[in-house]
Amino acid sequence: MAWQDKKGHFTNEENDGKECLHDIKSLENKYNSDIPKEQINTKKENKSIIHIDFNKDNVLPELNSKDLIKLGVKKNKKVLLKKQIIDINENKHNDVEKSDIPWLIGETLYNSDDIIKGKNKTNNYYSFIKLMEKKDKKGNKMFGVVLLDINETNDYFEIVHWHWVRQRSKKSI
């Protein structure tokens, strides 16, 4: 699990928050060198439990290495959630309850079922999609969607927005 300390760094629970989570290179060094690199890169870390401070910019953990392959990105970066985006999303997608936002973003970004390139070919937007336990009025499970800008010239991958969609709306993504 990943937890955010007072300085905004993500830490793992096992060390009581005293050590920052490392990048994928240092994680690879922890494994026995006999393990093939392919297995290390596909091993999923549990980063889906995140904390968001709604009053400031938040820096979230890096993406899972297997998702980088899907995105065609070579360099992993931390994910930035700007305060401005939090405010915009609160007005634009008020169907997402504030208490659900960390769960929706965490599960969708770090445990996605699908990643889809945006329709606009001039931007670097990708939709991360995850079937969630949230249900619509008819009792059907909803999909969490997080739109992420993976522009490699930026210092971070940046969250553009998030929302819920039903099965039929998922097809339009």
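Since the model is a prediction, treat every value here as computed from it, not as a measurement.

Calculation rules
Residues numbered from 1 in each chain as written. Predicted model: local features only at pLDDT ≥ 70, side-chain atom pairs only at ≥ 80, totals over all residues. Heavy atoms only, no water. Helix = DSSP H or I, 4+ residues; strand = E, 2+ residues; numbered from the N terminus. Contact = heavy atoms within 4.5 Å. Areas by Shrake-Rupley, 256 points an atom, 1.4 Å probe, with all protein chains shown as cover. Core = buried A, V, L, I, M, F, W, Y, C linked by side-chain atoms within 4.5 Å. Buried < 20%, exposed > 50% of the residue type's maximum accessible area, 1.4 Å probe, protein only. Salt bridge = Lys/Arg side-chain N within 4 Å of Asp/Glu carboxyl O. Polar contact = N/O pair within 3.5 Å; in protein donor to acceptor, adjacent residues only side chain to side chain. Pairing = 2+ DSSP bridges. Axes fitted to C-alpha atoms, helices over the stretch in contact; angles between N-to-C directions. Arc of directions from axis to C-beta. Phe/Tyr/Trp six-rings, centres within 6.5 Å; stacked < 30°, edge-to-face > 60°. Lys NZ or Arg CZ within 6 Å of the ring centre and 35° of its normal.

Caption draft 1: Representation of the overall build of the protein. For the protein, the helix and strand inventory stands at 6 helices and 8 strands. When its helices and strands are written in sequence order, the protein yields β-β-α-α-β-α-β-α-α-β-β-β-β-α. Within the protein, counting contacts between residues at least 6 apart in sequence, those at least 24 apart form 52% of the total. Summed over its atoms, the accessible surface of the protein is roughly 10,500 Å², and 47% of this surface lies on carbon and sulfur atoms.

Caption draft 2: How the structure looks around the nonpolar core. With 30 residues, the main nonpolar core has Leu63, Val79, Ile105, Leu109, Leu148, Ile159 and Trp162 as its most contacted residues. Put simply, the parts of the chain that give this core at least two residues each are α3 (65-71), β4 (79-81), α4 (83-92), α5 (101-110), β6 (125-135), β7 (141-149) and β8 (157-165). No other element matches α5, which puts 5 residues into this core. Apart from residues no more than four positions distant in its own chain, Ile105 is found in contact with Ile50, Ile52, Leu60, Leu81, Tyr110, Val146, Ile159 and Trp162.

Caption draft 3: Representation of the pattern of salt bridges within the structure. In the structure shown here, the tally under the stated rule is 6 salt bridges. Taking the shortest distance from any N to any O, the salt bridge between Lys82 and Glu158 comes out at 3.4 Å. Taken as a pair, Lys82 in the loop between β4 and α4 and Glu158 in strand β8 lie far apart in primary sequence, 76 residues in all. The structure contains a network of salt bridges with shared partners spanning Glu97, Asp100 and Lys134.

Caption draft 4: Seen up close, the environment of Asn123. Tracing the backbone shows Asn123 in the loop between β5 (114-117) and β6. A polar side-chain atom of Asn123 sits 3.3 Å from the main-chain amide nitrogen of Tyr125.

Caption draft 5: Just the sheet that holds strand β3 (residues 58-60), in detail. What the 6 strands build is an open sheet, ordered β3-β4-β8-β7-β6-β5; its pairing is mixed. Taken across any chain shown, the strands that pair with only one partner, and hence form the sheet edges, are β3 and β5. The mean angle between the axes of side-by-side strands here comes to 35 degrees, regardless of whether they run parallel or antiparallel. As paired elements, β6 and β7 share 8 bridges and run antiparallel to each other.

Caption draft 6: Highlighting α4. Taken as a whole, α4 has its buried residues at Ile85, Ile86 and Asn89. An end-on view of α4 places all buried positions within 105 degrees of arc, on one side of the element. Exposed residues on α4 whose side chains face more than 90 degrees from its buried face are Gln84 and Asn91. Lining the buried residues of α4 we find β3, β4 and β8.

Caption draft 7: View of the packing of aromatic side chains. One pass over the full model with this rule turns up 1 aromatic pair. Lys98 extends its terminal NZ or CZ atom over the ring of Phe54, reaching a point 4.9 Å from the ring centre.

Caption draft 8: Representation of α5 within the structure. For α5, a buried count of 9 out of 10 residues is recorded, marking the element as mostly surrounded by other parts of the structure. Buried within α5 are the following residues: Ile101, Pro102, Leu104, Ile105, Gly106, Glu107, Thr108, Leu109 and Tyr110.

Caption draft 9: Region of interest: the pairing of β6. Pairing of β5 with β6 involves 4 bridges; the strand directions are antiparallel. Bridging from a neighbouring strand, Ile116 pairs with Ser127 of β6. The loop that links β6 with its antiparallel partner β7 comprises 5 residues; one of these, Gly139, has a positive phi angle of about 90 degrees.

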